[in-house]
Amino acid sequence: MIVTIDGVAASGKSSVSSGVAQALGVPYVSSGLLYRAVTLLGLEAGADLAQPGALLPLLSGVRLEPLASGNRVWNAVHDLTADLHSTRVDTGVSVVAALPEIREWVDAQLRALPAPLVAEGRDMGTNVFPHAPHKFYLTASPRVRAERRARERPEDIPAIEAALTERDRQDTTQSAPAPDARIIDTGPLTLQGVIDTILEHLR
Ligand code: ADP
Ligand code: CDP
């Protein structure tokens, strides 16, 4: 069984997926972490983030470890995870995610993982796992999402809201909900409330 949980930036995808996956006793995978890892490695190498030919050679050692407590991304023996949520990665990641060659590489990593699993991102229900029987799409207003993310970033709420809105715009192509996804506005719900809503639909 595969459950897909897509949604806009900071809508709660990874926290909700982790909670749902732990309740089901299955792993979850965070596809955004792979796009973030490509971006980080590109920035560290001084590569042009719009050039797939400069990025693909950096990826041979990259591996996603889908731990239930929180996914980790490795480059050979180096754990990249702690550096994937910086503002500079936030700013560059949508350029990388627009590259078809990089999307193919990420999709191949995800499709190689054994089911059952919970997969979260933007296009899990539309593109990577279109036959998944259970699909969800999380939303919340830009202000609510910025207030949540402000607890994890040094910038103030208006700056974060502007950056989230810009990233939503850049991600529009791959972010449409699947026609068969259940849309959940997480704004009025607690994190546990969103997890429980999904678990109820799965029962
Ligand atoms: P995403 O993976 O979509 O970027 P996260 O799971 O990282 O979102 O959530 C962003 C932040 O919002 C986290 O600090 C998380 O704990 C918090 N959060 C997620 N969902 C809710 C919710 N329904 N109510 C309150 N806070 C939430
Ligand atoms: O957590 P947040 O929503 O801020 O970001 P993320 O899920 O880690 O995704 C980071 C970026 O990766 C997004 O802004 C998209 O550009 C890209 N992404 C994508 O294109 N497709 C996915 N399935 C997942 C992420």
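Residues numbered from 1 in each chain as written. Chains lettered and ligands numbered in written order. Predicted model: local features only at pLDDT ≥ 70, side-chain atom pairs only at ≥ 80, totals over all residues. Heavy atoms only, no water.

Broken down by element type, the protein chain carries nine helices and eight strands. Computed over C-alpha atoms, the radius of gyration of the protein chain comes to 16 Å, within 12% of the 17 Å expected from 2.2 N^0.38 for 203 residues, which places it in the range of a compact globule. Dimensions of the protein chain along its principal axes, counting C-alpha atoms only, are 45 × 40 × 30 Å. Counting all 203 residues of the protein chain, 48% fall into the buried class. Each charge sign in the protein chain was given a centre, from 19 positive and 24 negative side chains, and these centres are 3 Å apart. (Helix = DSSP H or I, 4+ residues; strand = E, 2+ residues; numbered from the N terminus. Rg over C-alpha atoms; globule rule 2.2 N^0.38 Å. Buried < 20%, exposed > 50% of the residue type's maximum accessible area, 1.4 Å probe, protein only. Lys, Arg positive; Asp, Glu negative; His and termini not counted. Charge placed at Lys NZ, Arg CZ, Asp CG, Glu CD.)

A word on the side chain of Gln174. Note on placement: Gln174 falls in the loop between helix H8 (157–170) and strand S8 (182–185). Judged by relative accessible area, which is 14%, Gln174 ranks as buried. Setting aside residues up to four positions removed in sequence, Gln174 forms contacts with Ala97, Arg103, Arg122 and Asp123. (Contact = heavy atoms within 4.5 Å.)

So, on to the sheet that holds strand S3 (residues 62–65). By way of backbone hydrogen bonds, the strands of a sheet pair with one another, either parallel or antiparallel. The strand order S3-S4-S5 describes an open sheet built from three strands, whose pairing is antiparallel. At either margin of the open sheet sits one strand with a lone partner, and together these are S3 and strand S5 (78–79). Bridge count between S3 and strand S4 (residues 72–75): four bridges; the pairing is antiparallel. Within S4, the position partnered with Arg63 by the bridge is Trp74. Together, S3 and S4 form the strand contacts of helix H2 (residues 31–45), whose direction differs from that of S3 by roughly 150°. (Pairing = 2+ DSSP bridges. Axes fitted to C-alpha atoms, helices over the stretch in contact; angles between N-to-C directions.)

A few words on the UniProt feature "binding site: ATP" (unreviewed entry) in the protein chain. The UniProt entry lists Gly7, Val8, Ala9, Ala10, Ser11, Gly12, Lys13, Ser14 and Ser15 under the feature "binding site: ATP" (unreviewed entry), expressed in the numbering used here. Set against the largest pocket, the annotated residues that line it come down to Ala9, Ala10, Ser11, Gly12, Lys13, Ser14 and Ser15. Its location among the elements puts Ala10 in the loop between strand S1 (2–7) and helix H1 (13–24). Among the secondary structure elements, Gly12 is positioned in the loop between S1 and H1. (UniProt positions renumbered as here; feature names shortened; annotations may be inferred. 1 Å grid on protein atoms, 1.4 Å probe; cavity = no way out; pocket = protein on both sides within 12 Å on 5 of 7 lines; lining within 4 Å.)

What follows concerns the site of ligand 1. Taken together, 15 residues are adjacent to ligand 1, and Lys13, Ser14, Ser15, Arg149 and Glu152 come closest. Within the backbone of Ala10, an N or O atom sits 3.2 Å from an oxygen atom of ligand 1. Note that a nitrogen atom of ligand 1 is positioned 3.3 Å from one of the backbone N or O atoms of Leu191. One can see that ligand 1 is located within the largest pocket. (Near = heavy atom within 4 Å. Polar contact = N/O pair within 3.5 Å; in protein donor to acceptor, adjacent residues only side chain to side chain. Sits in = over half its atoms within 2 Å of the grid points.)

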